[in-house]
Amino acid sequence: MTKTKLDKKEKQAELEKYRDLVIVTLDYHLSDKGMHISTADFDSTNYYRRLKEQTEEHYQTGRLTKLKQWFRDLTEIFVECGDLTFNRYLLENTKHDVNIFQSHFHRVEKSISKGKISTDNQFYEINIMLDQLCQIEPVDSEKIKVLNKLIRDYEDQKSKQTKKPNT
């Protein structure tokens, strides 16, 4: 039987982990001057600082689900961009062994094992994975070949669907 509810000690450890991960992620956003936005109505620096304060409040009040959701939301851009350095940054600055790409990789592996792409989201994720594989050494040419075939097949399938006349 699977344990669904964390005991007090486990929840505290998870709270600390996700507080640390969210804070470090916010610091990463703050340090990226290229992403700084400042208009008459909005300043990203103030926004991220307020989020850091709210993160501490969520930690103090035991809102683990909120911290996990924030972490997923704040790291989504790094997964989409394939920012592999961010994952190392998290590990170095929190000492928590976390892989923001894990669920992404898992979904891609499911498409590979099925032998086809079924949705536009899967197509998008496989393209991200393909871009990442092309940038890292050593090159996994077999996996690249498999992913390229899945993409080609999906594109062929989509183009056939758009060519069908309406009946």
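Shown above is the structure to which this text applies.
Residues numbered from 1 in each chain as written. Predicted model: local features only at pLDDT ≥ 70, side-chain atom pairs only at ≥ 80, totals over all residues. Heavy atoms only, no water.

Draft legend 1. Quick peek at the side chain of His96. Relative to the assigned elements, His96 resides in the loop between α4 (84-94) and α5 (102-114). In terms of polar contacts, His96 uses its side chain to reach the side chain of Asp20, at 3.1 Å. Excluding residues that lie within four positions of it along the chain, His96 makes contacts with Glu16, Lys17, Asp20, Leu21 and Leu91. (Helix = DSSP H or I, 4+ residues; strand = E, 2+ residues; numbered from the N terminus. Polar contact = N/O pair within 3.5 Å; in protein donor to acceptor, adjacent residues only side chain to side chain. Contact = heavy atoms within 4.5 Å.)

Draft legend 2. Here's a closer look at the packing of aromatic side chains. Scanning the model with the defined rule gives 10 aromatic pairs in all. Taken together, a centroid distance of 5.9 Å and an interplanar angle of 75° make the contact between Tyr18 and Phe71 edge-to-face. Taken together, the residues Tyr18 in helix α1 (residues 8-31) and Phe71 in helix α3 (residues 64-81) connect sequence positions 53 residues apart. Here Tyr18 matches Phe71 in class, with each residue buried. Three or more aromatic residues link up through ring pairs in this structure, and these residues are Tyr28, Phe78, Phe86 and Tyr89. A cation over a ring is seen here: Arg19 above Tyr59, with NZ or CZ 4.1 Å from the ring centre. (Phe/Tyr/Trp six-rings, centres within 6.5 Å; stacked < 30°, edge-to-face > 60°. Buried < 20%, exposed > 50% of the residue type's maximum accessible area, 1.4 Å probe, protein only. Lys NZ or Arg CZ within 6 Å of the ring centre and 35° of its normal.)

Draft legend 3. Geometry of the pattern of salt bridges. Following the criterion strictly, the structure yields eight salt bridges and no others. With a closest N to O distance of 3.7 Å, Glu14 and Lys68 form a salt bridge. Taken together, the residues Glu14 in helix α1 and Lys68 in helix α3 connect sequence positions 54 residues apart. Residue classification places Lys68 among the partly exposed residues on the basis of a relative accessible area of 26%. (Salt bridge = Lys/Arg side-chain N within 4 Å of Asp/Glu carboxyl O.)

Draft legend 4. How the structure looks around the nonpolar core. Counting 23 residues, the largest nonpolar core has Phe71, Leu90 and Ile100 as the members making the most contacts within it. The set of elements that each furnish at least two residues to this core consists of α1, α2 (44-60), α3 and α4. Among the elements that take part in this core, α1 stands out by supplying eight residues, more than any other. Counting residues in hydrophobic clusters, the runner-up holds 12 residues, among them Phe123, Ile126, Ile144 and Leu147. (Core = buried A, V, L, I, M, F, W, Y, C linked by side-chain atoms within 4.5 Å.)

Draft legend 5. A look at a nonpolar patch on the surface. A surface patch of nonpolar side chains, amounting to about 250 Å² of accessible area, comprises Ile37, Phe42 and Tyr47. Following the sequence through the fold, Tyr47 ends up in helix α2. What makes Tyr47 partly exposed here is its relative accessible area of 34%. (Patch = residues over 30% accessible without salt bridge, like charges linked within 9 Å, V, L, I, M, F, W, Y side chains within 5 Å. Areas by Shrake-Rupley, 256 points an atom, 1.4 Å probe, with all protein chains shown as cover.)

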